[in-house]
Amino acid sequence: MEPEVVSSEMALPAVLPFKRVQMSDKYPKGQSRGRHWKHLKQILQAENFPENEPNYLSIESPPSMYPSKKFCDVTGFKAPYVDPRTNLRYASPDVLKCIRVLPNEYVQRYLSLRNAAIVLK
Amino acid sequence: MPSINRPLRQSDYNRFSSATPIVIDNGGSNFRIGWAGESDPRVIFRSTVQRPRHRATGETVTIVGDHDTALMKYFDCTRSSSRSPFDSNVVYQFETMEYVLDYGFERLGAQGMEVDHPILMTECPCNPVSSRSKMAELLFEAYGVPSIAFGVDAAFSYKFNQQLGICDEDGLVVCSGLTTSHVFPFVNGEPVFDACCRTNIGGYHVTDYLKQLLSLKYPQHLSNITWEKAEDMKMEHCYVAYDYGSELELFQKRTKEAEEKTRCWQLPWVPPPQEEAPTEEELARKAALKEKQGQRLRDMAAAKKSGRILELENELQGLEDLLQELDEMEEHEMPSFLSGTAYSSRLEIESAVQKVAQSLRKVRGDPSDSEERVDISSAEKYPLTGIPDEMLTPDQLKEKKRQMFIKTMSEGRSRAKQKRVEEELLKEKQNLQDEERRSENPELYLETLRAKHKELTEKVEQRKRLKTNGSKTNGTQNLNGSGGRGERLNAAQRERMRLLTTAAFDRGKGEDTFGARDEDWQLYKLMSKDNDDDEDEEDEAELVRVTSRLQDIDPTFIAALQPPSFLQPARATPPTAEDFQIVLGVERFRCPEILFQPPMVGIDQAGLDEMVGISFRRLDFVDDATKDRISNSILVTGGSLLFPGLVPRLEAGVRMIRPYLSPLKVVRASDPILDAWRGAAAYAAASQFSTQTFSREDYYERGEDWPRGYHIKYAL
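In the nomenclature of an unreviewed UniProt entry, chain B corresponds to Actin-related protein 5 from the organism Dioscorea zingiberensis. The annotation that UniProt attaches to chain B under Subcellular location (unreviewed entry) is "Nucleus". Recorded in UniProt for chain B, the comment headed Sequence similarities (unreviewed entry) runs: "Belongs to the actin family."

Per an unreviewed UniProt entry, chain A carries the name Vps72/YL1 C-terminal domain-containing protein and comes from Dioscorea zingiberensis. UniProt, in the comment section headed Subcellular location (unreviewed entry), describes chain A in these words: "Nucleus".

This is the structure:
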């Protein structure tokens, strides 16, 4: 290794004396390191929560009671209008002119900002 | 802010007895580790792991936390990305977690065969049991830790601030981390997780929103808008608006206040070298060079011309000599002599002479006498045209036909010429009249000219629209499949349709006879003809004349040939410093606003202020007096709640939810980022800490199901 890399101590040492099981023994080289972990969703599905205690799912906030306000997707101002062609919300006719010339990719990116884009699965 | 400085390895590990707990704040963004009882964590680094391949040796190395990007040139990062052990706020990748812990202990200076210290580690509220037990397993099995305690970071932060006297025994904590925000109350110094409330939005979303907005706004500077830069800008410039709607209006109306609030980030930009205007000397030099080149070309042309003249003269001389020789020759010698030349008769030679002489004249640039020849009376030139056919031989008849053709052609030409001359005269006269009128009353003249221009423009435009637009709309109509029955067609198309129908029906008694007669085919000529073409052309010519006239005499006149279109992206001007600026206007408060209005980024959950209300609602078993006490001690903590203006905004939001005149106090933690670790360190230093831990023996005895009923008591 290059001296500057060594001196920066950026790499984690392969063998750490204070460990009972070294990483290299736990995850031997060459063995498939497939997915041996679960995503949070799977963890929560596997969990059996007791009835009378708060749990990870029960403490989640409900949707807002107030109607969500509509803001212009491009400028962020209050948006009284929706463009039926792109489904983008817009604040003024000038913005409409802008969004009418936006390529579809950008329209979808603007929509995905508020999770409204078309997702093909 | 992610620091590039790598934490130093601590050297005083052996100074601490094995009874001193190690305190770890295992946060979503930063991992903090230190000793119980101390005021600050020893080591802080970002909780990410990267496993690139070293280029020279080919071995995989593990890099935890941030690092000097300049050193990354020695590593091949193509197959490894930066990984975090967290999914949302729950640890799920324990391999990555192990690397993070390895690094944490290593930096703390751990020595010996195992980490022989009790550990207090933070976790999220209501951490799933499997995640907690896996963490315990990792700590017990891999590091040989004697005992562990788990606690909630926000609760430690609250307890720490309670010790500082910032908040009371009964209160409420509002905490926002990297990916989640929590609100939960404290009653009698203990957190009540039954009333806890979590919204899955945090600092990550704010930074991501800012980055996405900026990269959509400035697609040309995409490479400059990195995650780190967005994070920096968020921390430096973002703020929470007290009233989001009115703040937006401020910016929408482009008030002065908004202008002052706008921040500008100038990207590194080097102006292109200025081109100096050429000096007079240079100009003169260039002109001389040009002149020289022109002269050379002219000389070349002249030389070529003289060469050609010489050549032609020689040819002419030769031919004349030939003729002379022929003159001197006897009749019978001629055929044998001529066979030696390229000519077969004297006549041919003479015509050749004529041809050569003519081209010689042409080359010399003599005024061609062909015109003069036209002027020779036609009777002389076309002698046969005047004689009746009966008196001519067939040969002469042929010749007469030819002469007639040439005559009509030349006459037509001269007529056209005359017409042109007349037109020019007329134009001149008109111009003269115009000039007169102008000198009489310049303003009135200009006015009339303008009016005329306008009228003509409209006329031409309308006709054009009728012609082009009509066909265009027809095209789309066809596409839509809603082509009408002629009612939406323009004039030309209507005419065409009429002609077609008459062609089909006027004579049709059963069978189709179209094309039987020659006149039928005239129909197509009619159809393709544009009826008002002539008129159109006239108008257009007149428009051009008026426009040019206006341009001449009216300095303010601009021919509006093309409608001003904002779509014209073509910009010939060179880029200026302004093109390399990233302007933060609305974004400054638009991005943090998602903490209060998560639906803005498509997360359909309650915002911070509403969460407080939900938490109060879930706290249904306490009396109103306690609730008042709670609302009088609301603590704001967590790295994502550092924005200026957040506390007053939250206070205003909560005031709307709480009953009228109920006490309300919202305070910010003394240090929203480090207080959780400090609280935990103080907690671990307390004498009763050992009663709250869970030992390795317990773990081996009860298995991994032990954490199910495990809760520490925060009030010791």
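Draft legend 1. Geometry of the packing of aromatic side chains. Following the criterion strictly, the structure yields 24 aromatic pairs over all chains and no others. Relative to Tyr244(B), the ring of Phe71(A) lies with its centre 5.2 Å away and its plane at 85°, an arrangement referred to as edge-to-face. Here the residue Phe71(A) occupies a position in the loop between helix H3 (40-46) and strand S1 (81-82), and Tyr244(B) occupies one in helix H6 (residues 244-252), the pair thus bridging two chains. Using a relative accessible area of 8% as the deciding quantity, one classes Phe71(A) as buried. Ring geometry for Tyr158(B) against Phe186(B): centres 4.1 Å apart, planes inclined by 15°, an arrangement best described as stacked. Note that Tyr158(B) is positioned in helix H3 (residues 153-163) and Phe186(B) in strand S13 (residues 181-187), a separation of 28 residues in sequence. Each member of the pair, Tyr158(B) together with Phe186(B), is buried. A network of ring pairs unites the aromatic residues Phe71(A), Tyr239(B), Tyr244(B), Phe251(B) and Phe589(B) as a single cluster. Over the face of the ring belonging to Tyr106(A) we find Arg109(A), whose NZ or CZ atom lies 5.2 Å from the ring centre. Between the NZ or CZ atom of Arg658(B) and the centre of the ring of Phe616(B), over which it lies, the distance is 4.3 Å.

Draft legend 2. Highlighting the packing of helix H4 (residues 203-217) of chain B against helix H5 (residues 227-237) of chain B. All names here are of chain B. Relative orientation of the contacting elements H4 and H5 amounts to 110°, with a least axis distance of 9 Å. The orientation of H4 with respect to H5, classified from their angle, is roughly perpendicular. For the pair formed by H4 and H5, the contact residues are Gly203, Tyr204, Val206, Thr207, Asp208, Leu210, Lys211 and Leu214 on the first element and Trp227, Ala230, Glu231, Met233 and Lys234 on the second. Broken down by class, the residue content of the contact of H4 with H5 amounts to seven nonpolar, two polar and four charged.

Draft legend 3. Representation of the nonpolar core. The biggest cluster of nonpolar side chains holds 73 residues, and the ones touching the most others in it are Leu101(B), Phe105(B), Leu139(B) and Tyr143(B). Of all the elements, helix H1 (residues 94-108) of chain B adds the most residues to this core, at eight residues. Leu139(B) has contacts with Leu101(B), Phe105(B), Ile119(B), Met121(B), Gly144(B), Val145(B) and Ile148(B), leaving out every residue within four places of it along the chain. Counting 72 residues, the second-largest nonpolar core is a separate cluster that includes Val95(A), Ile99(A), Val192(B) and Tyr218(B).

Draft legend 4. Focus on the sheet that holds strand S1 (residues 22-26) of chain B. All names here are of chain B. The mixed open sheet is built from six strands, whose spatial order is S3-S2-S1-S10-S11-S20. Each of the sheet's edge strands pairs with one partner strand only, and the pair in question is strand S3 (43-46) and strand S20 (694-695). Across the face of the sheet, H3 comes into contact with S1, strand S10 (119-123) and strand S11 (147-152) while running at roughly 80° to S11. Across the sheet, helix H22 (residues 675-685) lies against S1, strand S2 (30-35) and S10, angled at about 150° from S1, the strand it touches most.

Rules used in this analysis
- Residues numbered from 1 in each chain as written.
- Chains lettered and ligands numbered in written order.
- Predicted model: local features only at pLDDT ≥ 70, side-chain atom pairs only at ≥ 80, totals over all residues.
- Heavy atoms only, no water.
- UniProt positions renumbered as here; feature names shortened; annotations may be inferred.
- Phe/Tyr/Trp six-rings, centres within 6.5 Å; stacked < 30°, edge-to-face > 60°.
- Helix = DSSP H or I, 4+ residues; strand = E, 2+ residues; numbered from the N terminus.
- Buried < 20%, exposed > 50% of the residue type's maximum accessible area, 1.4 Å probe, protein only.
- Lys NZ or Arg CZ within 6 Å of the ring centre and 35° of its normal.
- Axes fitted to C-alpha atoms, helices over the stretch in contact; angles between N-to-C directions.
- Parallel < 35°, antiparallel > 145°, perpendicular 65-115°, else oblique.
- Contact = heavy atoms within 4.5 Å.
- Nonpolar A, V, L, I, M, F, W, Y, C, P; charged D, E, K, R; others polar.
- Core = buried A, V, L, I, M, F, W, Y, C linked by side-chain atoms within 4.5 Å.
- Pairing = 2+ DSSP bridges.

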